[in-house]
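What follows is the residue order along each chain.
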Amino acid sequence: MTAGVDEDVFAQLVETVDRFARERLIPAEHRVEAEDEVPEEIVGEMKAMGLFGLSTPEEFGGIGLSVSQEAVLIETLCYASLTFRSLIGTNVGIGSQGIVMDGTAEQKARWLPGIASGEVISAFALTEPDNGSDAGGIRTMARRDGDDYVIDGTKRYITNAVRADVFTVYARTDPEEPGANGVSAFIVPGDTPGIQVGKPDRKLGQRGTKTSDVVFDGVRVPAEAMLGGPERLNRGFRTAMKVLDRGRIHIGAMSVGQAQRMLDIATDYALERRQFGVPIGEHQLVQGLIADCQAELQAGRALVRSTAATFDREGKAILEAACTKYFCTEMAGRVADRALQIHGGAGYMAEYDIERLYRDVRLLRIYEGTSQIQQLVIARRTLAGRGA
């Protein structure tokens, strides 16, 4: 069971982050959109607040939040642009949790303190040009050469790669094993010879979030770089799935935070904009759009918190996490569409925040497991539970 931090301390942290999101981050959103970059002073402030170490255990310099506490805090932070969350996202989630869950004592001691402080930026290198949803089809190879492994392959859409000081790289160590079998994970310092990071991708939304291709060309690492040590040879994919399972709760919380922001924007607009002599919020069809947003938002928030509590209690929540990621990201998309519709033509204009938020949330249904992958997980586990 994950205990987390004292509730009074946590309440103060949530209040601080809420104020930071509303007073510091939201006013900077247009600058980030225009420059495709988060100002370094904001990065520094996020480090000083300890946001890079939310989920890192206290013994390694982190805050040590439970999954339930992290979900609340991420929802609060994600009232502001998702771009700001992406800065800390890999350190809090997929880039660090493999080390937290399965790393050796030496690996934890070496990497987690720097990750928690934000002085070390981590990245999660799983997706490849031909393998996204089919992560078990990894082609990147890690061949044994004496006391080392040599890694060759290309990874795609790697968040924070341009900043990364360390990569968790998933590579095939047994080419004879099909699918997910035969895959191991390696902790690879970002300055290792042979790593080539491509230029940042241009994207529809979430500008300021950096994703890039990463090429590993004859990258040599010692055998002890294998995540979890030699006993986890060919078991790296299991680590990846545990990390992604936990991350789905995190993304659900992100979706709820953004949905709340969009509903608030749409509600304010409905109270201010007048048509036929009255605020449009007095028209029943507009009220229907607002009611649908509110009902789904409440359902999404409850689902996130229930799933997080299950994870804290049981150490896993595979079915629940898939349901959370699927429902909440789709919910955020529907809220975005309704919020823009309430704005009418104005919602299509770049001067209104809803236009940008509409683009930003579209990615939620794709990364860290598409909606269709979540459907497969949900259906298979449901059928298996009934003996099918």
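Preceding this section is the structure that the text describes.
In this text, all values refer to a predicted model and were calculated from it rather than measured experimentally.

Q: Please clarify how helix α11 (residues 353-361) should be interpreted in this entry.
A: Of all the 9 residues making up α11, 7 are buried; the element is thus mostly covered by neighbouring parts of the structure. Within the sequence span of α11, burial applies to I354, E355, R356, L357, R359, D360 and V361. Against the buried residues of α11 lie α2 (29-35), α5 (82-92), α8 (236-272) and α10 (318-343).

Q: What is the right way to read the packing of helix α1 (residues 7-25) against helix α3 (residues 40-48) from this model?
A: Packed helix pairs are specified by the crossing angle of their axes together with the interaxial distance, meaning the distance between the axes. The contact between α1 and α3 brings their axes to 13 Å, and the two run at 170 degrees. The angle between α1 and α3 places the two elements in the roughly antiparallel class. The segment α1 lies against α3, with F20, R24 and L25 engaging E41, I42, E45 and M46. The residue inventory of the contact of α1 with α3, partitioned by class, reads 4 nonpolar, no polar and 3 charged.

Q: Whenever I open this one, the nonpolar core confuses me. Can you help?
A: The nonpolar side chains of a soluble globular protein tend to be buried, and buried together. Core analysis: the largest hydrophobic core is formed by 70 residues, its most contacted members being M46, F84 and I88. When contributions to this core are tallied by element, the ones reaching two or more residues are α1, α3, α4 (67-77), α5, α8, α9 (284-314), α10 and α11. No other element matches α8, which puts 12 residues into this core. If near-sequence neighbours (up to four positions away) are discounted, I88 is found in contact with M46, L51, F52, L54, I74 and L77. Residues I94, V100, W111 and I138 belong to the second largest nonpolar core, which totals 22 residues.

Q: Quick question: what am I supposed to make of the packing of aromatic side chains here?
A: Two aromatic rings, taken as a pair, are described by how far apart their centres are and by the angle between their planes. Applying the stated rule across the entire model yields 4 aromatic pairs. Stacked on the ring of Y79, the Lys or Arg R22 has its end atom at 4.0 Å from the ring centre. The residue whose ring lies beneath R334 is F327, and the NZ or CZ to ring-centre distance is 5.9 Å.

Q: Is there a simple way to explain empty space enclosed by the protein in this structure?
A: In this approach a probe as big as a water molecule rolls over the atoms, and the regions it shows empty are the leftover space. Counted by the stated rule, this structure contains 1 cavity of 30 Å³ or more. Taken as a whole, the largest cavity holds about 40 Å³ of empty space. Lining the largest cavity are E29, V32, E33, S81, T83, R207, R356 and D360. Sort the elements by how many residues they give to the lining of the largest cavity and α2 lands first, with 3 residues. Tallied by class, the residues present in the lining of the largest cavity amount to 1 nonpolar, 2 polar and 5 charged.

Q: Looking at this structure, how should I read the environment of G61?
A: Along the chain, G61 turns up in the loop between α3 and α4. Taking the relative accessible area as the measure of exposure, G61 reaches 57% and is therefore exposed. Distance from G61 to G50, taken between C-alpha atoms, is 9.2 Å for residues 11 residues apart in sequence.

Q: Help me out: how do you make sense of the layout of surface pockets in this one?
A: Computed from the structure, the second largest pocket encloses a volume of approximately 210 Å³. Residue lining of the second largest pocket: 13 residues in total, with R110, I187, P222, E224 and A225 positioned closest to the centre. Going through the elements one at a time, α7 (105-117), β5 (183-189) and β7 (211-222) are the ones with two or more residues in the lining of the second largest pocket.

Q: How should the environment of Q97 be read in this particular structure?
A: Within the secondary structure, Q97 sits in helix α6 (residues 97-102). Taking the relative accessible area as the measure of exposure, Q97 reaches 4% and is therefore buried. Among residues more than four places away in sequence, those in contact with Q97 are S55, V92, V243 and R246. Within the structure, Q97 has its side chain in polar contact with the side chain of S55 (distance 3.0 Å).

Q: Looking at this structure, how should I read unusual backbone geometry?
A: Across the chain, the bulk of peptide bonds are trans and the bulk of non-glycine residues have phi less than zero. If you check the backbone angles, D36 has positive phi at about 55 degrees while not being a glycine. With respect to the helices and strands, the residue D36 is situated in the loop between α2 and α3. Residue classification places D36 among the partly exposed positions, given a relative accessible area of 29%. Of note, N234 is a non-glycine position whose phi angle comes to about 65 degrees, a positive value.

Q: Please explain the pattern of salt bridges as it appears in this structure.
A: A full pass over the atoms with the stated rule returns 31 salt bridges. Two residues, R261 and E29, come together in a salt bridge whose shortest N-O distance is 3.0 Å. Pair noted here: R261 is in helix α8 and E29 is in helix α2, with a separation of 232 residues, a long-range link. For R261, a relative accessible area of 4% corresponds to the buried category. E29 gets classed as buried once you look at its relative accessible area, which sits at 3%. The structure contains a network of salt bridges with shared partners spanning D36, E37, E40, R163 and K210.

Q: Please explain the pairing of strand β3 (residues 148-159) as it appears in this structure.
A: Both faces of the sheet carry side chains from a regular strand, because those side chains alternate between them. Where strand β2 (residues 141-145) meets β3, 5 bridges bridge the pair, whose relative direction is antiparallel. Residue R144 lies in a different strand from β3, and its bridge partner there is Y149. The turn joining β2 and β3, which pair antiparallel and follow one another in sequence, is formed by 2 residues; a positive phi near 65 degrees is taken by G146. Two elements, β3 and β7, share 9 bridges in a ladder whose sense is antiparallel. Along β7, the bridge assignment pairs V150 with R220.

Criteria and cut-off values
Residues numbered from 1 in each chain as written. Predicted model: local features only at pLDDT ≥ 70, side-chain atom pairs only at ≥ 80, totals over all residues. Heavy atoms only, no water. Buried < 20%, exposed > 50% of the residue type's maximum accessible area, 1.4 Å probe, protein only. Helix = DSSP H or I, 4+ residues; strand = E, 2+ residues; numbered from the N terminus. Contact = heavy atoms within 4.5 Å. Axes fitted to C-alpha atoms, helices over the stretch in contact; angles between N-to-C directions. Parallel < 35°, antiparallel > 145°, perpendicular 65-115°, else oblique. Nonpolar A, V, L, I, M, F, W, Y, C, P; charged D, E, K, R; others polar. Core = buried A, V, L, I, M, F, W, Y, C linked by side-chain atoms within 4.5 Å. Phe/Tyr/Trp six-rings, centres within 6.5 Å; stacked < 30°, edge-to-face > 60°. Lys NZ or Arg CZ within 6 Å of the ring centre and 35° of its normal. 1 Å grid on protein atoms, 1.4 Å probe; cavity = no way out; pocket = protein on both sides within 12 Å on 5 of 7 lines; lining within 4 Å. Points joined across faces, edges and corners; volume = space filled by probe spheres on them. Polar contact = N/O pair within 3.5 Å; in protein donor to acceptor, adjacent residues only side chain to side chain. Salt bridge = Lys/Arg side-chain N within 4 Å of Asp/Glu carboxyl O. Pairing = 2+ DSSP bridges.

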